[in-house]
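Architecture and fold: a report
This is what each chain is made of:
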Amino acid sequence: MKLAIKNWDAGLTARDKRNLRPLKWFGALWVASFVAARLLLPREPSLPAEAPPWAWGLAIAAIVFSGLLALGYLRFLRGADELMRRIHLEALAAGFGAAFVFGMGAGLLAQLGMPKVGGLTWAVMVLGYLVKLAISSKSYE
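Notes on the structure follow. (Residues numbered from 1 in each chain as written. Predicted model: local features only at pLDDT ≥ 70, side-chain atom pairs only at ≥ 80, totals over all residues. Heavy atoms only, no water.)

1. Digging into a nonpolar patch on the surface
Together, W56, I60, V64, L68, L71 and L74 make up a nonpolar patch on the protein surface, roughly 550 Å² of accessible area in all. Position of V64 relative to the elements: it lies in helix α2 (residues 53-79). (Patch = residues over 30% accessible without salt bridge, like charges linked within 9 Å, V, L, I, M, F, W, Y side chains within 5 Å. Areas by Shrake-Rupley, 256 points an atom, 1.4 Å probe, with all protein chains shown as cover. Salt bridge = Lys/Arg side-chain N within 4 Å of Asp/Glu carboxyl O. Helix = DSSP H or I, 4+ residues; strand = E, 2+ residues; numbered from the N terminus.)

2. Some points on the packing of aromatic side chains
Applying the stated criterion across every chain yields a total of five aromatic pairs. Measuring from centroid to centroid gives 5.2 Å for F34 and W122, while their planes differ by 75 degrees, and the two rings are edge-to-face. In this pair, F34 is assigned in helix α1 (residues 14-40) and W122 in helix α4 (residues 121-139), connecting sequence segments 88 residues apart. Owing to a relative accessible area of 40%, W122 belongs among the partly exposed residues under this scheme. Taking 6.0 Å as the distance between ring centres and 20 degrees as the angle between the ring planes, the aromatic pair formed by F96 and F100 counts as stacked. Of this pair, F96 and F100 both sit in helix α3 (residues 82-111), four residues apart, which is roughly one turn of the helix. Of the residues examined, F96 reaches a relative accessible area of 57% and is grouped as exposed. Members of the aromatic cluster, connected to one another through ring pairs, are W30, F34 and W122. (Phe/Tyr/Trp six-rings, centres within 6.5 Å; stacked < 30°, edge-to-face > 60°. Buried < 20%, exposed > 50% of the residue type's maximum accessible area, 1.4 Å probe, protein only.)

3. Quick notes on α2
Over its 27 residues, α2 runs 39 Å from end to end, which matches the ideal 39 Å to within 8%, given 1.5 Å per residue. Here the buried face of α2 lies against α1, α3 and α4. (Expected span 1.5 Å × (residues − 1). Contact = heavy atoms within 4.5 Å.)

4. Topic: the environment of E90
In this structure, E90 sits in helix α3. Residue E90 is classed as partly exposed on the basis of its relative accessible area of 23%. Note: C-alpha distance between E90 and S136 (46 residues apart in sequence) is 7.7 Å. Aside from chain neighbours lying at most four places away, what touches E90 is K132, S136 and Y140.

5. What to know about the packing of α1 against α2
In the contact formed by α1 and α2, the axes pass within 8 Å of each other and the chain directions differ by 160 degrees. One element, α1, and the other, α2, form an angle in the roughly antiparallel class. Read as a crossing pair, α1 and α2 show a hand that is left-handed. A class-by-class count of the residues in the contact of α1 with α2 yields 19 nonpolar, six polar and three charged. (Axes fitted to C-alpha atoms, helices over the stretch in contact; angles between N-to-C directions. Parallel < 35°, antiparallel > 145°, perpendicular 65-115°, else oblique. Left-handed = near helix turned anticlockwise from the far one by under 90°. Nonpolar A, V, L, I, M, F, W, Y, C, P; charged D, E, K, R; others polar.)

Structure representation (structure tokens):
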């Protein structure tokens, strides 16, 4: 399966492209803030008061941008046509299903002494969503 990043929104209508524009910005801001937070935040201080003030700001920024991303996505779906909504609903279901199975399995295997990888559940969800989005977009063309 060949994914063309350059033309990933080539099949969208002008209306969908317009509704997607804020989502792209919110997505970029969320990715930047989330990656920065994961890399720069102190690892488990013993008390919340021990975390530096900038760390609180960075964490809150990532949370705010994730909320804006979710609201932007909801707005995009509300403005999309029925086929676009169906494609995204299938992708969301696939992402949720992949995360559900991975998270449950990782938790059970961790109880048996396997390395804890439950923190990767969100990545499995996003990957499942993106793969299914690409597959569904291609199959409905």
